[in-house]
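# Chain and residue survey
Residue strings, one per chain:
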Amino acid sequence: MTRIDQSTFAHRRSRAAELVAAHKLGGLVVGTGPEFAYLTGSWASSHERLTALAIGPDGRAVLVAPVTDIGSLGVAGDDVEIRGWQDGQDPYQLATEALDASAPVALGSSLTANHVFALQALLPQTRLATDTLAELFMAKEPAELAELKRAGEAIDRVHARVPEFLVAGRTEAQVAAELDRLIMDEHESVDFVIVGSGENGANPHHDFSERVLEDGDVVVVDLGGTLDSGYHSDCTRTYIVGGDPAKADPEVVKAYEVLFRAHQAAVTAARPGITAGELDAVARGVIEEAGYGEYFTHRLGHGIGLAGHEDPFIIAGNDTALQANMAFSIEPGIYVPGKWGMRLEDIVYLDEDGAVSLDNVSRDLR
């Protein structure tokens, strides 16, 4: 990871230890992935071998890694003891020495089952870290919000050029190739490119195909990439091939007006204190009232940061109260099987007054 100072990671580890103690936990163990990167700045991976950071309630931090990978970890900080292990040794015992096994220990979400089972054999009580230490990962720091803003501006620049590629006679795959190139111009890597035209747009997770665009087709374009800092962009707009909504099916134009209102209602309602489930219901209610409820088939949104999808998930039944500095998507959709689909997605974060959008390219049906 780049752009964030090493002192920030030391502060995060200290904060993690404080929360472990406050929640009366025996410690925290995270494997490689976004949570590990958040606490160490490293995106190292050791495949099936265990690399993990363990933080005890007393603030002690132990990083366990295969000796073959220690040189490439890139982790600094006087507060971290790095302990290498060789094949044949027990890395799980090393990881748990910093913990208080008499209390529940929080395990990171990226630990695979083989690591979880081995740790549970040594730890009588375990919990999921994203549940027990949600406040550690969900509320973003100013430096993180700055990176998400940078990501939003980057993907906005890509979306601004989408209409020039949506030309009758081209295939979805040809358009996707152009957009892939533009995302790489603005990001370190491409996360995904969705170009769903006509009936393909009714599949929310369609990527692209050899379907040929026709004048008046409605096209869902969902784009995302990863910056050099590890933070992600994610933005969806709905377009009309040829750019003139008058060429589209009148039902498409009518439905898009509903979708736009649902999106705006959710953005207006999003503020600290509302629950994730309540926010989902705001947008869903607008769509249901207009008669399209059965065609809104997914949650309203997901958190975003060092992972493209993370807590909080804006979904029915989620009682998590949203807080200032949380960042998440607002992305209502309407998908009519065999005909067309549409989605409107922005990444927002909450300040004390409400939602601030990080994606600001035109939301018109264009």
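Once a new chain begins, its residue numbering starts again from 1 and follows that chain's sequence as written. At least 70 in pLDDT is required for a residue's local features to be given in this predicted model, at least 80 for side-chain atom pairs to be given and counted, and no such filter applies to totals for whole chains, interfaces and linings, which use all residues. The side-chain figures draw on all heavy atoms in the structure; neither hydrogens nor water molecules are used.

### A few points about the UniProt feature "domain: Creatinase N-terminal" (unreviewed entry) in the protein
As recorded in UniProt, the sites labelled "domain: Creatinase N-terminal" (unreviewed entry) are residues 12-128. For helices the rule is a DSSP run of H or I covering at least 4 residues; for strands it is a run of E covering at least 2, with both sets numbered from the N terminus onward. Along residues 12-128, the helical share is 27% and the strand share 23%, with 18 Å between the first and last C-alpha atoms. UniProt positions are given in the numbering used here, feature names are shortened, and annotations may be inferred rather than shown by experiment.

### Some remarks on the pattern of salt bridges
Opposite charge on two side chains lets them pair, provided their charged atoms get close. Should a side-chain nitrogen of Lys or Arg be within 4 Å of a carboxyl oxygen of Asp or Glu, the pair is scored as a salt bridge. Counted by the stated rule, this structure contains 24 salt bridges. Residues glutamate 141 and arginine 12 are paired through a salt bridge, measuring 2.8 Å at the closest nitrogen-oxygen approach. One end of the pair, glutamate 141, is in the loop between α6 (134-138) and α7 (142-159); the other, arginine 12, is in helix α1 (residues 6-22), with 129 residues separating them in the sequence. Think of it in three bands: with a 1.4 Å probe and only protein chains considered, a residue is buried below 20% of the maximum accessible area for its type, exposed above 50%, and partly exposed in between. On the basis of relative accessibility, which here comes to 1%, the residue arginine 12 falls in the buried class. Salt-bridge contacts for arginine 284 lead to aspartate 280; the nearest nitrogen and oxygen are separated by 2.8 Å. Here arginine 284 pairs with aspartate 280, and both are found in helix α11 (residues 276-289), just four residues apart, close to one helical turn. Neither residue differs from the other here; arginine 284 and aspartate 280 are each classed as buried. Here the salt bridges do not stand alone but share partners, grouping Arg60, Glu81, Arg83 and Glu97 into one network.

### Topic: the sheet that holds strand β3 (residues 61-66)
Across a sheet, paired strands are connected by hydrogen bonds in the backbone, their directions being either parallel or antiparallel. Two strands qualify as a pair provided DSSP detects at least 2 bridges between them. In space, the six strands of this open sheet follow the order β4-β3-β2-β1-β5-β6, with mixed pairing throughout. Each edge of the open sheet carries a strand with a single partner, namely β4 (80-85) and β6 (126-128). Sheet twist, expressed as the average angle between the axes of neighbouring strands with direction ignored, equals 25 degrees. Sheet analysis places strand β5 (residues 105-107) next to β6, joined by three bridges and oriented parallel. Residue valine 105 lies in a different strand from β6, and its bridge partner there is threonine 126. The contact definition used throughout considers only heavy atoms, calling two residues in contact when any of these lie within 4.5 Å. Fitting a line to C-alpha atoms yields each axis, with helices limited to the stretch in contact; the angle taken between N-to-C directions then spans 0 to 180 degrees. Those strands touched by α1 are β1 (27-31), β2 (52-55) and β4, and its axis lies near 55 degrees from that of β2.

### Focus: the UniProt feature "domain: Peptidase M24" (unreviewed entry) in the protein
Under the local residue numbering, the UniProt record ascribes the feature "domain: Peptidase M24" (unreviewed entry) to residues 147-351. Between the C-alpha atoms that bound residues 147-351 there is a distance of 16 Å. The span itself is 32% helix and 24% strand.

### Digging into the pairing of strand β13 (residues 333-336)
Here β13 shows a buried face lined by Gly333 and Tyr335 and a second buried face lined by Ile334 and Val336. The sheet contact formed by β13 and strand β14 (residues 340-343) spans four bridges and is antiparallel. In the strand pairing of β14, valine 336 is matched with tryptophan 340. In textbook terms, the turn of a hairpin is the stretch between consecutive antiparallel strands, and for β13 and β14 this stretch comprises three residues, one of which, glycine 338, has a positive phi near 80 degrees.

### Remarks on the environment of glycine 216
Within the secondary structure layout, glycine 216 lies in the loop between β7 (189-197) and β8 (218-226). Not counting residues up to four positions away in its chain, the partners in contact with glycine 216 are Ile240, Val241, Lys247 and Ala248.

### Let's talk about the packing of helix α10 (residues 250-269) against α11
Viewed as axis vectors pointing N to C, α10 and α11 meet at an angle of 155 degrees, and their least axial separation amounts to 8 Å. Classified by the angle their axes make, α10 and α11 are roughly antiparallel. Crossing of α10 over α11 shows right-handed handedness. The residues of α11 that touch α10, namely those facing Val258, Arg261, Ala262, Ala265, Ala266 and Ala269, are Leu279, Val282, Ala283, Val286 and Ile287. Comment on the angle field: the value is read as roughly parallel under 35 degrees, roughly antiparallel over 145, roughly perpendicular from 65 to 115, and oblique elsewhere. Put simply, a crossing is left-handed when the front helix is turned counterclockwise from the back one by less than a right angle, and right-handed when it is turned clockwise.

### Observations regarding the sheet that holds β7
Strand order across the open sheet formed by three strands is β7-β8-β9, with antiparallel pairing between neighbours. Unpaired on one side and paired on the other, β7 and β9 (235-240) mark the two borders of the sheet. This sheet shows a mean twist of 15 degrees between the axes of neighbouring strands, independent of strand direction. Bridging between β8 and β9 involves six bridges; their strand directions are antiparallel. Counted as the bridge partner of aspartate 222 is threonine 236 from β9. Helix α9 (residues 172-186) contacts β7 and β8 of the sheet and is inclined by roughly 150 degrees relative to β7.

### Observations concerning the side chain of threonine 275
Relative to the helices and strands, threonine 275 is located in the loop between α10 and α11. Residue threonine 275 is classed as buried on the basis of its relative accessible area of 15%. Once residues within four sequence positions are removed from consideration, threonine 275 is found in contact with Asn318, Asp319, Thr320, Ala321 and Leu322.

### Brief notes about the environment of phenylalanine 313
By secondary structure assignment, the location of phenylalanine 313 is in strand β11 (residues 310-314). Between the C-alpha atom of phenylalanine 313 and that of proline 163, which follows or precedes it by 150 residues, the distance is 31 Å. In this view, phenylalanine 313 contacts Ala276, Arg299, Gly301, His302 and Asn318; residues no more than four positions away in its chain are not counted.

### Comments concerning the packing of α7 against α9
Packed helix pairs are characterised by how far apart their axes lie and by the angle those axes make with each other. At a minimum axis distance of 9 Å, the contact between α7 and α9 shows a crossing angle of 150 degrees. The angle between the axes of α7 and α9 places the two elements in the roughly antiparallel class. The two elements α7 and α9 meet at a crossing, and its hand is right-handed. Residues Ala154, Ile155, Arg157 and Val158 of α7 touch α9, and the partners they reach there are Leu179, Leu182, Ile183 and Glu186.

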